[in-house]
Amino acid sequence: MRVAIRVAGVVQGVGFRPFAHRLARRFGLAGFVGNDAHGVFAEAQGAPDLVRAFVAALTAEAPPLAVVDRVEAREIPPADGSGFVIVASPGGNAADTLVSADSATCADCLRELRDPVDRRFRYPFVNCTNCGPRFTIVRGVPYDRPLTTMAAFAMCAECAREYADPADRRFHAQPVCCPACGPSLRFEPGGGDPILATAEALRAGQVVAIKGLGGYHLAVGAWHEEAAKTLRARKHREDKPFAVMVADLDQARELAEVDAVAARVLAGRRRPIVLLPKKTELAQAVAPGNRRIGLMLPYTPLHHLLLQETGPIVLTSANVSDEPIVYRDEDLGRLEDIADAYLTHDRPIHVRTDDSVVRIVGTKPQLQRRSRGYAPEPIRLATKKHLLGVGAELKNTFCLAKGHHAFVSHHIGDLENYETLKAFTEGIEHFKHLFAIDPVLVAHDLHPDYLSTKYALDLDLELLGVQHHHAHIAACLADNGEDGPVRGVAFDGTGFGPDGTIWGGEVLLADLTSYRRLSPLKPVAMPGGTSAIRQPWRMAASYVDELGRPAREDVVKLKRSGLNSPLTSSAGRLFDAAAALLGVRDTITYEGQAAIELEQLADPAETTAYPARIDDEIHGEDLIGALLDDDATKPKRAARFHNGVADAIVRTCDRLRDHSGTVALSGGVFQNVLLLDRTVEGLEDRGFRVLTHRNVPTNDGGISFGQVAVASRTSR
């Protein structure tokens, strides 16, 4: 029996051909395997049961970095010949191939890194086909060394031998190198062993800028109180928690509660920051007033070497305030007022990529920032046209799509300054080149002042405006491979409403082509406009006034005048009001801070819920009134507020139930695990099927994917 095989997905540059070669020899099959413009092709001949086992194993035993979308096999006539070989790639456009995400150092490379007799002992750039840099070093396709930032490093004879040997795990590993031919590390100012010098600087309380996979990080010792305070002051980052890198899972378990799911995510190949309940306090300035801590494990050989010499270290993006992460050596001047020293190297980074952030919800990881380790691996989405979605303003990503793939970008950041806009536009051009996508339509948010919207309007392309909350629900639908219709609950901070108000607490009837607003939170005024976002006490006063109770006179006067006091149905602003009234947070220094701290205050054992009226609107003011009238402890009141919001969502969906019985939950407010858990539990108890996000964030980081999902159906 002989079959022709086609394997699609992330199957190039991940060791798939040598894997198939070894697999075929194990089964005693004849034939060949190779790469072409569409993925991996192969032919295999032998006993029928062995051929079928070979085809099944291509998916079941695929290499660690491979993402197999599908394996197609069709029987063809047998051919002469014996043995199984790797054949050369045919000519032609290779831009239909996919690019793997960067991956954490594998166990085999770690053994070499720690083996005194190995030629790569303590070499900070050890990698192989199963691990190391990918996306951040790729300049173009096909994915060959000349089109990566390793092009300037000519392989030595020993590395070239490994690269050419199908039996070696470095066969066609494009970043392969060793101390004789690869990049080198240096510490500035000074000399000596760069790793030891960095460790000494951290122990001395210095701020060190460290070059990673996707950019520079700023590091201080996580136990060093003064160093952490200094870093906060220099970065102008008052309260937002820092992430901490620990050497291994044992060290992570000393600092935080790590269950089996969290351990699997922490130690997986993607190595995101995982937000976990804190057990042991590090320096107070690491995560001030926060019950959770963001932990990650080393994902480069350099990190492993450094963590051997230090305790846990703070590792945060090297930038000032809201600027993008520094990733080019020539831009290090931007850090001169922050960093005391630099641990750097001469392998260029082509694409800046922040660390990804994950939170565990039940038994599943929830992406809060999808970046290094995940991007640019595609998400399945069928479209007949080449499409671009430019996302929103906060937590911006963009998305390009063609065929059966949507490529959601790495985290860009908040599009509020020139540097971030430049990263956004450069990123779009790189993705267009990398994946051979020439969009004919651009989908954008309806907000006319978003820089992403202005960028879209300046393109000479067909335009599609997608309402913000429709994009949220569309992203959740497409993330689950569904078209709808569903009852979509989109709860977030801000979205441009077609009625001229600010939306943000929406229950919609939606599918991938259209939506209808069914039941929003009752709108209230935002006294001071955007100032009410930064100062939650303004929203508290507005809600208290809605109840006919005395509130701060100047704010009430402004609200009632209608001047700079737009109406909003925002769930985020409702949470802000509750946080301010409980004394949690009157002003914020980062987005969502009041709601985050309110969730942390809440007693998870409390099951009582505040009541809210449900008619054509959800009366959020009822929840505020109940909170004010309750004389229970603050943790109980915070929990009852959360439970009340969840109960209002459940009762609203039940009131609007149709035959489909499916509810999709999206929007940044559903990053709140307590709210999400209570809402899902309540909906499922009422017999609903509940969709939540899987591959893209529930916050605005998923908006671009939702825009493209809508465009894929409305532009056919």
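Here the structure is a predicted model, which is why all the values come from computation and not from measurement.

**Quick look at the overall build of the protein**
From N to C terminus, the protein includes 21 helices and 28 strands. What you see for the protein is a C-alpha radius of gyration of 27 Å, in line with the 27 Å of a compact globule of 716 residues. C-alpha extents for the protein along the principal axes are approximately 85 × 65 × 50 Å. In the protein, which comprises 716 residues, the share counted as buried stands at 60%.

**Notes on the pairing of strand E27 (residues 662-666)**
Where burial is concerned, most of E27 is hidden: five out of the five residues are buried. By the alternation rule, side chains of E27 split into Thr662, Ala664 and Ser666 and Val663 and Leu665, which are all buried. Sheet analysis places strand E22 (residues 486-496) next to E27, joined by four bridges and oriented parallel. Residue pairing in the sheet places arginine 487 in a bridge with valine 663 of E27. In this fold, the crossover linking E27 to strand E28 (residues 689-691) by way of helix H20 (residues 673-685) has right-handed handedness.

**Side note on the pattern of salt bridges**
Applying the stated rule across the entire model yields 49 salt bridges. With a shortest N-O distance of 3.3 Å, arginine 203 and glutamate 200 are connected by a salt bridge. Pair noted here: arginine 203 and glutamate 200 are both in helix H5 (residues 194-203), with a separation of three residues, about one helical turn. We note a salt bridge from arginine 560 to aspartate 545, for which the minimum N-O separation is 2.5 Å. Of the two residues, arginine 560 sits in helix H15 (residues 553-561) while aspartate 545 sits in helix H14 (residues 536-546), which places them 15 residues apart along the sequence. Through salt bridges with shared partners, a single network forms among Asp603, Glu606, Asp630, Lys636 and Arg640.

**Comments concerning the packing of aromatic side chains**
Tallied over the entire structure, the rule returns 13 aromatic pairs. Between phenylalanine 16 and phenylalanine 19, the aromatic rings sit 5.3 Å apart at their centres with planes inclined by 75 degrees, giving edge-to-face as the arrangement. You can see phenylalanine 16 and its partner phenylalanine 19 sitting in helix H1 (residues 16-27), three residues apart, about one turn around the helix. Residue phenylalanine 16 shares its accessibility class with phenylalanine 19, and that shared class is buried. Ring geometry for phenylalanine 398 and phenylalanine 431: centres 5.0 Å apart, planes at 85 degrees, overall edge-to-face. Here phenylalanine 398 is found in the loop between strand E17 (387-389) and strand E18 (399-402), whereas its partner phenylalanine 431 is found in helix H10 (residues 418-434), with 33 residues between them in sequence.

**Quick word on the nonpolar core**
In terms of nonpolar packing, the biggest core is built from 53 residues, with Val489, Phe491, Leu598, Phe641, Val645 and Leu665 touching the most fellow members. The leading source of residues in this core is helix H19 (residues 634-655), at nine residues. Those residues within four positions of phenylalanine 491 in sequence are excluded, and the remaining contacts are Gly504, Gly505, Glu506, Leu521, Ala571, Val645, Ile649, Ser666, Gly667, Gly668, Val669 and Phe670. Ranked by size, the runner-up nonpolar core spans 48 residues in total, among them Ala20, Val51, Ala57 and Phe431.

**A look at H5**
In terms of residue burial, H5 counts as a mostly covered element, since seven of its 10 residues are buried. The complete set of buried residues in H5 reads Pro194, Ile195, Ala197, Thr198, Ala199, Ala201 and Leu202. Near the N-terminus of H5, the side chain that reaches the backbone nitrogen of isoleucine 195, with its oxygen 2.9 Å away, is that of aspartate 193. Positive backbone phi, at 85 degrees, marks glycine 205, one or two positions downstream of H5.

**With respect to the environment of glutamine 206**
With respect to the helices and strands, the residue glutamine 206 is situated in the loop between H5 and strand E7 (208-211). Separated by 22 residues in the primary sequence, glutamine 206 and alanine 228 have C-alpha atoms spaced 9.5 Å apart. Here glutamine 206 is in contact with Ala201, Ala219, Val220, Asp340 and Ala341, once residues within four sequence places are set aside.

**Here we look at the sheet that holds strand E10 (residues 273-277)**
Across a sheet, paired strands are connected by hydrogen bonds in the backbone, their directions being either parallel or antiparallel. Pairing is mixed across the open sheet formed by 10 strands, whose spatial order is E6-E13-E7-E8-E12-E9-E11-E10-E14-E15. In the strand order of this sheet, the two ends are held by strand E6 (185-188) and strand E15 (364-369), each with one partner. Shown here is a sheet whose adjacent strand axes are inclined to one another by a mean of 35 degrees, direction ignored. Its contacts with the sheet put H5 on E6, E7, strand E8 (216-221), strand E12 (313-317) and strand E13 (341-345), and the angle it makes with E6 is roughly 35 degrees.

**Details of the sheet that holds strand E19 (residues 405-408)**
Strand order in this open sheet of six strands is E16-E19-E18-E17-E20-E21, and the pairing throughout is mixed. Lying at the two open borders of the sheet, with one neighbouring strand each, are strand E16 (379-380) and strand E21 (462-466). Bridge analysis of E16 against E19 gives two bridges, and the strand direction is antiparallel. In the strand pairing of E19, isoleucine 379 is matched with alanine 406. Packed on one face of the sheet, H10 meets E17, E18 and E19 and runs near 20 degrees to E18.

**Overview of the packing of helix H16 (residues 571-581) against H19**
As a packed pair, H16 and H19 sit with axes 11 Å apart at the nearest point and diverge in direction by 160 degrees. Taken together, the axes of H16 and H19 lie roughly antiparallel to each other. Of the two elements, H16 crosses H19, and the hand of that crossing is right-handed. Residue-level contacts link Leu574, Phe575 and Ala578 of H16 to Phe641, His642 and Val645 of H19. Of the residues assigned to the contact of H16 with H19, the class counts are five nonpolar, one polar and no charged.

**Considerations on the side chain of threonine 501**
Within the element layout of this structure, threonine 501 appears in the loop between E22 and strand E23 (502-510). A polar atom in the side chain of threonine 501 sits 2.7 Å from the side chain of aspartate 499.

**Notes on the state of the cysteines**
Taken as a whole, this structure holds zero disulfides when the rule is applied. Not part of a disulfide, cysteine 106 finds its nearest cysteine sulfur in cysteine 128, a span of 3.6 Å. Cysteine 181 takes part in no disulfide bond, and the closest cysteine sulfur, belonging to cysteine 159, lies 3.7 Å away. Exposure remark for cysteine 181: the relative accessible area of 11% places this residue in the buried category.

**Overview of H14**
Within H14, 10 of the 11 residues are buried, which leaves the element mostly enclosed by the surrounding structure. Listed in full, the buried residues belonging to H14 are Pro536, Trp537, Arg538, Met539, Ala540, Ala541, Ser542, Tyr543, Val544 and Asp545. At the exit of H14 stands glycine 548, carrying a positive phi of roughly 75 degrees.

**Concerning the environment of tyrosine 590**
By secondary structure assignment, the location of tyrosine 590 is in the loop between H16 and helix H17 (593-601). Judged by relative accessible area, tyrosine 590 falls into the buried class, the value being 11%. Separated by 352 residues in the primary sequence, tyrosine 590 and glutamate 238 have C-alpha atoms spaced 8.6 Å apart. Not counting residues up to four positions away in its chain, the partners in contact with tyrosine 590 are Asp239, Lys240, Pro241, Asn290 and Ile596.

**Section: unusual backbone geometry**
Glycine aside, residues mostly have negative phi angles, and peptide bonds mostly take the trans form. Residue alanine 375 is joined to proline 376 through a cis peptide bond whose omega torsion reads 10 degrees. Structurally, proline 376 can be placed in the loop between E15 and E16. Of note, the bond from glycine 484 into proline 485 is cis; its omega dihedral lies within 30 degrees of zero at 10 degrees. By secondary structure assignment, the location of proline 485 is in the loop between helix H12 (468-479) and E22. Residues other than glycine seldom take positive phi values, yet arginine 122 does so here, at roughly 60 degrees. Along the chain, arginine 122 turns up in the loop between helix H3 (107-114) and helix H4 (157-164). Non-glycine residue lysine 395 carries a positive phi angle of around 50 degrees.

Procedures and definitions
- Residues numbered from 1 in each chain as written.
- Predicted model: local features only at pLDDT ≥ 70, side-chain atom pairs only at ≥ 80, totals over all residues.
- Heavy atoms only, no water.
- Helix = DSSP H or I, 4+ residues; strand = E, 2+ residues; numbered from the N terminus.
- Rg over C-alpha atoms; globule rule 2.2 N^0.38 Å.
- Buried < 20%, exposed > 50% of the residue type's maximum accessible area, 1.4 Å probe, protein only.
- Pairing = 2+ DSSP bridges.
- Right-handed = clockwise from strand over helix to strand, strands pointing away.
- Salt bridge = Lys/Arg side-chain N within 4 Å of Asp/Glu carboxyl O.
- Phe/Tyr/Trp six-rings, centres within 6.5 Å; stacked < 30°, edge-to-face > 60°.
- Core = buried A, V, L, I, M, F, W, Y, C linked by side-chain atoms within 4.5 Å.
- Contact = heavy atoms within 4.5 Å.
- Polar contact = N/O pair within 3.5 Å; in protein donor to acceptor, adjacent residues only side chain to side chain.
- Axes fitted to C-alpha atoms, helices over the stretch in contact; angles between N-to-C directions.
- Parallel < 35°, antiparallel > 145°, perpendicular 65-115°, else oblique.
- Left-handed = near helix turned anticlockwise from the far one by under 90°.
- Nonpolar A, V, L, I, M, F, W, Y, C, P; charged D, E, K, R; others polar.
- Disulfide = S-S within 2.5 Å.

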